[in-house]
Amino acid sequence: MASCLRRYGRRLSVSICEKRELSTACEGKVIQQQQQQQQQQTAKLLNLCSAINQALHLALETDPRSYVFGEDVSFGGVFRCTTGLTERFGKNRVFNTPLCEQGIVGFGIGLAAMGNRAIAEIQFADYIYPAFDQIVNEAAKFRYRSGNQYDCGGLTIRAPYGAVGHGGHYHSQSPEAFFCHVPGIKVVIPRSPQQAKGLLLSCIRDPNPVVFFEPKWLYRLAVEEVPEHDYMLPLSEAEVIREGSDITLVGWGAQLSIMEQACTDAEKDGISCELIDLKTLIPWDKETVETSVRKTGRLLISHEAPVTGGFGAEISASIVERCFLRLEAPVARVCGLDTPFPLVFEPFYMPTKNKILDAIKSTVNY
Amino acid sequence: MALAHLTSSSRSNLLKPLATVLSYTDSFRRPISTSTDPLTIETSVPFTSHKCEPPSRSVETTPQELISFFRDMATMRRMEIAADSLYKAKLIRGFCHLYDGQEAVAVGMEAAITKKDCIITAYRDHCTFVGRGGTLLEVFSELMGRQAGCSNGKGGSMHFYRKDAGFYGGHGIVGAQVPLGCGLAFAQKYSKGETVTFALYGDGAANQGQLFEALNISALWDLPVILICENNHYGMGTAEWRASKSPAYYKRGDYVPGLKVDGMDALAVKQACKFAKEHVLRNGPIILEMDTYRYHGHSMSDPGSTYRTRDEISGVRQERDPIERIRKVILAHDLATEKELKDFEKEIRKEVDQAIAQAKESPMPEPSELFANVYVKGLGTEAFGADRKEVRAVLP
């Protein structure tokens, strides 16, 4: 069976699975890296925006036909994820665009259709909606409707998403669910700096258009040992980051750290929780989650986006289809409330550790 | 309020060397601030026009109006600076986009229109809200997220609204307010009330596709909308020449006439808006480009000095500051003494401090407000509160 439950350790490890094929066009490079990795295992403590910055540097270095563009990326970007790129690669490869998201993505699709790697930045995920038509109608369907003659696989759209503590309506949204409804694109969300670097490099080198959401709360907050060399993490593979036997928790992005705290608290009450990082939202790794639910019999999903129509609904429905007779309790979803993302009420809106802990207990005691 | 020195200076020759060229027709000096005798002042910079006849440089005004310009702009300036300190003290959270430097646009526009005309703008809306009649208490409460705020504390800095004064906000998404503004104008045309809409946007938003869509429709249907581009030359960190092929935003309308106005001169703004209002009621949309400048960065998280030099900022402050200009005009015409103007400023400072103190006492909104006004009559969907067992709200 191709699914692999991987152990998560906080030591230096390049987690490239040898059993499954990487969905990238650079497999030769990966093998070379695996050999190299034996020799150079240097790593540095980096935060999320530095890890992403490193990934972008590597991407531009290794492919001369890759470009980074977006609003204000030239001086480093509002979150400093693109620092040093213009200085190193020049204004022809790293450049600012005017304030037009629809234009940015449309332009990126065209660039990618000519075989280049276009790495477009949307300044905040809340502003991605003018580009929604381009992503859904153009990018996602290009290969399909041209009978594989054309594609915009080189397109990667990066956008900071998620709550940041005081963002209010338009600097905190989590729009991943809208994009998960579109066959033809991939949606990837990293949980930490080390993951982000590997996943971003995989997304950029993946032959499909990818939307890469970066949890902005973690830009400075998350610090981790990140290997300095070029490495890629496989897409569409979920990772079990904490093993348990009583209940499976599934999440992504910044929410995982909250869920981990809830798991630790639940442990004190004798509930053993298994925590899975989905990483890629579409196409998502159903096997890993199913295997885990078959083991525990209970599922809880948590995300910041509003609960109705959020991606948790898809996970819940799929798992119920596959594991109905095994489930001991209804699938729980601890998510944002069904309101616009509030300003002052953010602590009420968010799926906090206590809400998750409460749901864990009520699911286990069903 | 009689001025002691008026009697001694009744001679008519009071032309002092100033940056602005002045001429006035009234040689009688009346008590300041209540006088409504007409005064004609010429703007220092002529209007540049595109596909229309520019209005005259001579602006009709009154001493009362000039004094009120000074007071209003000084209030706005003081308010924005106070908001800056509150943000740094973490009493205001989230995003805060300050308008200081651009006050002349808000004040000049108000002088030319009525409260029945509609204004809609982007997120740099604190001063526009005050111009529409908003109180300082409402401003500071909303900024701090309290109940006394104009949007009940639920909107924050970017979402100020005032229905009874036709102020439609207050929008966070760049450029999204322009098609909305054209829609307002459409409704106004239907109601035949001889009212117009002012849709404001920035030089950054001028490159949004929806602007051109809205412009086309407005011109096609002859809507009474005035599109005002507040060109402060920087779209966040990007200078206009980096973002726009043609930084002549007043010409961007192509088939829509345009006017370029010195946005740091409240009188020029008033003249242009008056002209624009008459124009659109007859001929359909017009674009006004206000050449203005913001002293602060884009928002409180932007120092404002990584993409422009401090010399540039202080240069503009010295040469073109809107409040200083009005002060010079007032003093040149002997409408008030320096001391009186300084007293105004002290009063304003006190008012602002009082408003802040009052706002701090206003409570945060009730938790039930979180679910209020999502829909009018909803699906009755359920939502969980902080504790899943206890609070299971059915959305109203």
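Residues numbered from 1 in each chain as written. Chains lettered and ligands numbered in written order. Predicted model: local features only at pLDDT ≥ 70, side-chain atom pairs only at ≥ 80, totals over all residues. Heavy atoms only, no water.

### Describing the overall build of chain B
Next up, step 1: Across its full length, chain B carries 11 helices and 12 strands.
Next up, step 2: Expressed as a percentage of the 396 residues in chain B, the buried residues total 58%. (Helix = DSSP H or I, 4+ residues; strand = E, 2+ residues; numbered from the N terminus. Buried < 20%, exposed > 50% of the residue type's maximum accessible area, 1.4 Å probe, protein only.)

### Looking at the UniProt feature "domain: Transketolase-like pyrimidine-binding" (unreviewed entry) in chain A
Next up, step 1: Cross-referencing UniProt, the feature "domain: Transketolase-like pyrimidine-binding" (unreviewed entry) maps to residues 46-221 of chain A in the present numbering.
Next up, step 2: Annotated as 38% helix and 18% strand, the span residues 46-221 of chain A places its first and last C-alpha atoms 10 Å apart. (UniProt positions renumbered as here; feature names shortened; annotations may be inferred.)

### Side note on the domain arrangement of chain A
Residues and elements named next belong to chain A.
Next up, step 1: Along its sequence, chain A is organised into domain 1 (38-227) and domain 2 (239-364).
Next up, step 2: For domain 1 versus domain 2, the distance between C-alpha centres works out to 26 Å.
Next up, step 3: Listed by partner, the interface residues are 28 residues for domain 1 and 24 residues for domain 2.
Next up, step 4: Surface buried jointly by domain 1 and domain 2 totals about 1900 Å² across both partners, of which 61% is contributed by carbon and sulfur atoms.
Next up, step 5: Looking only at domain 1, the three residues that lose the most surface to domain 2 are Cys180, Ile189 and Arg191, adding up to 27% of its buried area.
Next up, step 6: At the surface where domain 1 touches domain 2, the tally comes to two salt bridges.
Next up, step 7: Linking Arg191 and Asp277 is a salt bridge whose minimum nitrogen-to-oxygen distance equals 2.6 Å.
Next up, step 8: Scanning the region where domain 1 abuts domain 2 turns up 10 residue pairs in polar contact (both at pLDDT 80 or more).
Next up, step 9: Where the side of domain 1 that touches domain 2 is concerned, the elements lending two or more residues are α7 (176-180), β6 (186-188) and α8 (193-205).
Next up, step 10: With four residues, the single largest contributor to the side of domain 1 that touches domain 2 is α7. (Domains from an automatic or database assignment. Contact = heavy atoms within 4.5 Å. Buried area = accessible area lost by both parts, 1.4 Å probe. Salt bridge = Lys/Arg side-chain N within 4 Å of Asp/Glu carboxyl O. Polar contact = N/O pair within 3.5 Å; in protein donor to acceptor, adjacent residues only side chain to side chain.)

### Topic: the environment of Ala266 of chain B
Next up, step 1: With respect to the helices and strands, Ala266 of chain B occurs in helix α8 (residues 266-283).
Next up, step 2: Setting aside residues no more than four positions away along its own chain, Ala266 of chain B makes contact with Phe69, Met73, Ala104, Gly108 and Ile326 of chain B.

### Points about the sheet that holds strand β9 (residues 258-262) of chain B
Residue and element names in this part refer to chain B.
Next up, step 1: One open sheet holds the six strands; their spatial order is β2-β9-β10-β6-β5-β4, and the pairing between them is mixed. The sheet is open, and its two edges are formed by β2 (48-50) and β4 (118-120), each paired on a single side. Each strand of the sheet is rotated relative to its neighbour by a mean of 20°, with strand direction disregarded.
Next up, step 2: By the bridge criterion, six bridges tie strand β6 (residues 225-231) to strand β10 (residues 286-291) in an arrangement that is parallel. Bridge pairing in β10 links Asn231 to Asp291. (Pairing = 2+ DSSP bridges. Axes fitted to C-alpha atoms, helices over the stretch in contact; angles between N-to-C directions.)

### Concerning the sheet that holds strand β14 (residues 332-336) of chain A
Residues and elements named next belong to chain A.
Next up, step 1: Spatially, the five strands line up as an open sheet ordered β9-β11-β10-β13-β14, and their pairing is mixed. Of all strands in the sheet, those bounded by a partner on one side alone are β9 (239-242) and β14. Each strand of the sheet is rotated relative to its neighbour by a mean of 25°, with strand direction disregarded.
Next up, step 2: Relative to β14, strand β13 (residues 299-306) runs parallel, the two sharing five bridges. Looking at β14, one finds that Ser302 is bridged to Val334.
Next up, step 3: Set on the sheet, helix α14 (residues 353-364) makes contact with β10 (247-251), β11 (273-277), β13 and β14; between it and β10 the angle comes to about 145°.

### Remarks on helix α2 (residues 48-62) of chain A
Next up, step 1: The end-to-end C-alpha separation of α2 of chain A is 21 Å, in line with the 21 Å expected for 15 residues at 1.5 Å each.
Next up, step 2: Buried residues dominate α2 of chain A, accounting for 12 of its 15 residues. (Expected span 1.5 Å × (residues − 1).)

### Focus on the packing of α2 of chain A against α8 of chain A
Any two packed helices are characterised by how steeply their axes cross, that is the angle between the axes, and by the distance between the axes.
Residue and element names in this part refer to chain A.
Next up, step 1: Look at α2 against α8: their axes get within 8 Å of each other, and the N-to-C directions meet at 30°. The angle between α2 and α8 falls in the class roughly parallel. In this structure, α2 crosses over α8, and the sense of that crossing is right-handed. Listed contacts from α8 to Leu48, Ala51, Ile52, Gln54, Ala55, Leu56, Leu58, Ala59 and Thr62 of α2 are Pro193, Ala196, Lys197, Leu200, Leu201, Ile204 and Arg205.
Next up, step 2: Here the contact of α2 with α8 is composed, by residue class, of 12 nonpolar, two polar and two charged. (Parallel < 35°, antiparallel > 145°, perpendicular 65-115°, else oblique. Left-handed = near helix turned anticlockwise from the far one by under 90°. Nonpolar A, V, L, I, M, F, W, Y, C, P; charged D, E, K, R; others polar.)

### Regarding the environment of Arg93 of chain B
Next up, step 1: Assignment of secondary structure puts Arg93 of chain B in the loop between α1 (63-88) and α2 (103-112).
Next up, step 2: In this structure Arg93 of chain B comes out as partly exposed when scored by relative accessible area, which is 46%.
Next up, step 3: When residues no more than four places from it in sequence are discounted, the contact partners of Arg93 of chain B are Gly165 and His166 of chain A together with Tyr87 and Leu143 of chain B.
Next up, step 4: Polar side-chain contacts of Arg93 of chain B include one of 3.4 Å to the side chain of His166 of chain A.

### Focus: the pairing of strand β4 (residues 117-121) of chain A
Residue and element names in this part refer to chain A.
Next up, step 1: Burial within β4 is extensive, with five of its five residues counted as buried.
Next up, step 2: Along β4, one buried face is formed by Arg117, Ile119 and Glu121 and the opposite face, lined by Ala118 and Ala120, is buried too.
Next up, step 3: Both β4 and strand β5 (residues 155-161) contribute to a ladder of four bridges, which runs parallel. From the neighbouring strand, Glu121 faces β5, where its bridge partner is Arg158.

### Considerations on unusual backbone geometry
Next up, step 1: Here Ile282 of chain A and Pro283 of chain A are connected by a cis peptide whose omega angle stands at -15°.
Next up, step 2: Tracing the backbone shows Pro283 of chain A in the loop between β12 (280-282) and α11 (286-296).
Next up, step 3: Going from Gly169 of chain B to Gly170 of chain B, the amide bond is cis rather than trans, its omega being 15°.
Next up, step 4: Along the polypeptide, Gly170 of chain B turns up in the loop between α4 (136-143) and α5 (177-191).
Next up, step 5: One non-glycine residue with positive phi stands out, namely Arg80 of chain A, at about 60°.
Next up, step 6: Inspection of the secondary structure assignment puts Arg80 of chain A in the loop between β2 (66-70) and α3 (85-89).

### Quick look at the interface of chain A and chain B
Many authors give the size of an interface as the accessible area that is lost as the parts come together.
Next up, step 1: Contacts between the two partners involve 32 residues from chain A and, on the opposite side, 40 residues from chain B.
Next up, step 2: The interface formed by chain A and chain B includes zero salt bridges.
Next up, step 3: Between chain A and chain B we count five residue pairs in polar contact (both at pLDDT 80 or more) in total.
Next up, step 4: Contributing elements (two or more residues each) for the side of chain A that touches chain B: β14, α13 (346-349) and α14 of chain A.
Next up, step 5: The element contributing the most residues to the side of chain A that touches chain B is α14 of chain A, with three residues.
Next up, step 6: Looking at the side of chain A that touches chain B, its residues break down into 16 nonpolar, nine polar and seven charged.

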